[in-house]
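The chain contents come next:
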Amino acid sequence: MKRVKHRASVAMLLALAIVAGLGFFLFRLWSDGADWALYRANQSVYSGGMLRTGTLTDREGVILADGTAGTYAENANTRRACLHLIGDYSGNIGTGALQAFRSEMAGYSFVFGTARSGESLALSPDARLQETALAALGGYSGAVLVQNYVTGEILCIVSTPVYDPADPPASFDSPAYEGVFLNRALSTTYTPGSVFKLVTLAAAIENIPDLYERSFTCAGSVTVGGNPVVCTGWHGTQTIEQALANSCNCVFAELSLELGADTLAAYAEKLGYTDSLTLDGISSAAGRFDRAEAGTSDLAWSGIGQSTDLVCPFAVLRFSAAIAAGGTVPEATLLAGSSGKSVRLLSADTAKKLGDMMSYNVQYAYGSWLFPNLALCAKSGTAEVGDGTSHAWFTGYLDDEEHPYAFAVIAEHAGGGLTVAGAIANTVLQKAVELEL
């Protein structure tokens, strides 16, 4: 009898081990099955190490990549403009749609495995808008992003410099191709300059009760911790609305010192400026905000967007989209017709106050005539980078139900945010409205 019980116990243990092993295998199949099926040695979807299945189109059906033939868009301008959106078959650019959607292109499913014929996927960007953005950048290295802040669809994502993936150069050693494999919209961080003042302002709105009743004074500079914080002008007495429109360093230095490093750091994190974000599984570069000592010029400059501050253009876009959408931002996507969950970054009241002041910027500081027929709310930034040059920033959105577009533009070493990045944004937004995306 004891022998029978012993054998039964052993059998039970073996059965449990088999069940546990099967469960572990099914879990690994669920979590890693796509990677197994899409291993580069799998010749049903790869040839010569290159994905050879599925098709990617823009939102209007223009073919951007045909995996079966290993080809790209027919038009050379389209190929160049969509280089970082699509990536390349050789895998030099790892953040494009060819990488992000390889399992969908291969027709992989957990139940049926991989379909040899693959799938056709419609991406949300428009090839015509991509081409417009590439031309508008005018040779500057940088990035342009446009998002529908209602659906979350990315309508434009261009990074420069570029090359033609169907006819690549013999060598990439030329300065013209510096960092060409890097998607600057997602994988790079920059000194934000004055676009960071929107983060400081959000913190001030929610933590300084008398912000709107105060008068602020600018005499062209202010001494903090024995060091000068120099302003962009001599602005005199101002309201908070005027201080943002003037992009007054003196006022935002004062706000930074009052809020303190911990509060500013908390808002930078809360609003996504220091996090690594994701776009359809593609991770963006994480930004940086260092907690400077109280009462120091480093703290003052950090709230202005200088010091050691760094931010990814995708994070700047996301914050502008949140302001536009009443504080709740939809999850960004590169897939046409797709919409994901939404995340609340700000209260509706704070978002409205920020948006009103960004509209004031355009109406009373920048000049609405620079952006004809656009209901624009925006903030410019001219970020000093320590080599005598400045990166040009422009971010914001259209307050327009028919054209709910948020945007972010960065042009490296280009000078003034309004004059350079603002002009790029206007060209791209005018085209987006024309196309009725």
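Residues numbered from 1 in each chain as written. Predicted model: local features only at pLDDT ≥ 70, side-chain atom pairs only at ≥ 80, totals over all residues. Heavy atoms only, no water.

### Considerations on the overall build of the protein chain
Moving on, step 1. Within the protein chain, the secondary structure is distributed over 14 helices and 19 strands.
Moving on, step 2. A total accessible area of about 18900 Å² is found for the protein chain, and carbon and sulfur atoms account for 52% of it. (Helix = DSSP H or I, 4+ residues; strand = E, 2+ residues; numbered from the N terminus. Areas by Shrake-Rupley, 256 points an atom, 1.4 Å probe, with all protein chains shown as cover.)

### A few points about the confidence of the model for the protein chain
Moving on, step 1. Here the protein chain averages 89 in pLDDT, and 85% of its residues register 70 or above.
Moving on, step 2. Contacts from residues 25-37, a stretch scored under 50 in pLDDT, to residues over four places away or in other chains number 16 contacts.
Moving on, step 3. Contacts for the low-pLDDT stretch residues 109-116, under 50 throughout, to residues beyond four places or in other chains number 15 contacts. (pLDDT = per-residue confidence, 0-100. Contact = heavy atoms within 4.5 Å.)

### Observations concerning helix H6 (residues 127-137)
Moving on, step 1. Where H6 is concerned, the buried positions are Ala 127, Leu 129, Gln 130, Thr 132, Ala 133, Leu 134 and Leu 137.
Moving on, step 2. For H6, the capping residue at the N-terminal end is Asp 126, with a side-chain oxygen 2.8 Å from the backbone nitrogen of Arg 128.
Moving on, step 3. Gly 138, located one to two residues past H6, shows a positive phi value of around 60°. (Buried < 20%, exposed > 50% of the residue type's maximum accessible area, 1.4 Å probe, protein only. Polar contact = N/O pair within 3.5 Å; in protein donor to acceptor, adjacent residues only side chain to side chain.)

### Considerations on the pattern of salt bridges
Moving on, step 1. The tally for this structure, following the rule as stated, stands at 12 salt bridges.
Moving on, step 2. Here Asp 126 ties to Arg 128 by a salt bridge, and the two come within 2.8 Å at their closest N and O atoms.
Moving on, step 3. Measuring nitrogen to oxygen at the nearest pair gives 2.7 Å for the salt bridge that ties Arg 184 to Glu 412. In this pair, Arg 184 sits in the loop between strand S8 (154-160) and helix H7 (197-207) while Glu 412 sits in the loop between strand S19 (405-411) and helix H14 (417-435), placing the two residues 228 residues apart along the sequence. A single burial state applies to Arg 184 and to Glu 412, both of which are buried.
Moving on, step 4. One connected set of salt bridges, linked through shared partners, spans Asp 210, Arg 214 and Glu 258. (Salt bridge = Lys/Arg side-chain N within 4 Å of Asp/Glu carboxyl O.)

### Quick look at the environment of Phe 252
Moving on, step 1. Tracing the sequence through the fold places Phe 252 in helix H9 (residues 249-259).
Moving on, step 2. Residues Phe 252 and Gly 303, spaced 51 residues apart in sequence, show a C-alpha to C-alpha distance of 6.5 Å.
Moving on, step 3. If sequence neighbours within four positions are ignored, Phe 252 has contacts with Lys 197, Thr 200, Leu 201, Ala 243, Leu 244 and Ile 304.

### Here we look at the sheet that holds strand S3 (residues 55-57)
Moving on, step 1. Taken in spatial order, the 4 strands of this open sheet run S5-S4-S3-S6, and their pairing is mixed. On the outer flanks of this sheet lie strand S5 (71-72) and strand S6 (120-122), each paired with one strand and no other. (Pairing = 2+ DSSP bridges.)

### Thoughts on the side chain of His 84
Moving on, step 1. You can see His 84 is positioned in helix H3 (residues 83-86).
Moving on, step 2. A relative accessible area of 3% places His 84 in the buried class.
Moving on, step 3. Among the polar contacts made by the side chain of His 84, one reaches the main-chain carbonyl oxygen of Val 180 at a distance of 2.7 Å.
Moving on, step 4. Here His 84 is in contact with Ile 93, Thr 95, Gly 96, Ser 159, Pro 161, Val 162, Val 180, Phe 181, Leu 182 and Asn 183, once residues within four sequence places are set aside.

### A closer look at the packing of H9 against helix H11 (residues 297-304)
Moving on, step 1. Relative orientation of the contacting elements H9 and H11 amounts to 115°, with a least axis distance of 8 Å. What the angle tells us is that H9 and H11 run roughly perpendicular. Like other packed secondary-structure pairs, H9 and H11 cross with a definite hand, here right-handed. Here H9 contributes Asn 249, Phe 252, Ala 253, Ser 256 and Leu 257 to the contact with H11, which in turn contributes Leu 299, Ala 300, Trp 301, Gly 303 and Ile 304.
Moving on, step 2. Considered class by class, the residues forming the contact of H9 with H11 number 7 nonpolar, 3 polar and no charged. (Axes fitted to C-alpha atoms, helices over the stretch in contact; angles between N-to-C directions. Parallel < 35°, antiparallel > 145°, perpendicular 65-115°, else oblique. Left-handed = near helix turned anticlockwise from the far one by under 90°. Nonpolar A, V, L, I, M, F, W, Y, C, P; charged D, E, K, R; others polar.)

### Details of the sheet that holds strand S7 (residues 142-148)
Moving on, step 1. Spatially, S8-S7-S19-S18-S17 is the arrangement adopted by the 5 strands of the open sheet, whose pairing is antiparallel. Since the sheet does not close on itself, it has two edges, and those belong to S8 and strand S17 (376-384), each with one partner. Strand-to-strand, the axes of this sheet are offset by a mean angle of 5°, without reference to chain direction.
Moving on, step 2. Where strand S18 (residues 390-398) and S19 come together, 6 bridges link them in antiparallel fashion. Pairing of Trp 393 across the sheet is with Ile 410, part of S19.
Moving on, step 3. Strands S7, S8 and S19 of the sheet are contacted by H6, whose axis makes an angle of about 35° with S8.
Moving on, step 4. Its contacts with the sheet place helix H13 (residues 348-366) against S17 and S18, and it is angled at close to 75° to S17.

### Overview of the packing of H7 against H9
Moving on, step 1. At their nearest, the axes of H7 and H9 sit 10 Å apart, and the two run at 55° to each other. On the basis of the axis angle, H7 is oblique to H9. Classified by chirality, the crossing of H9 by H7 is left-handed. In this structure, H7 uses Lys 197, Thr 200, Leu 201, Ala 203, Ala 204 and Asn 207 to contact H9, whose residues at the interface are Asn 249, Phe 252, Leu 255, Ser 256 and Leu 259.

### Comments concerning the environment of Ser 120
Moving on, step 1. Inspection of the secondary structure assignment puts Ser 120 in strand S6.
Moving on, step 2. Among the residues examined, Ser 120 registers a relative accessible area of 52% and is labelled exposed.
Moving on, step 3. Apart from residues lying up to four places away in sequence, Ser 120 is in contact with Thr 55 and Thr 57.

### Some points on the state of the cysteines
Moving on, step 1. Tallied over the entire structure, the rule returns 0 disulfides.
Moving on, step 2. Considering cysteine sulfurs only, Cys 156 is the nearest to Cys 82, which forms no disulfide, with 8.8 Å between them. (Disulfide = S-S within 2.5 Å.)

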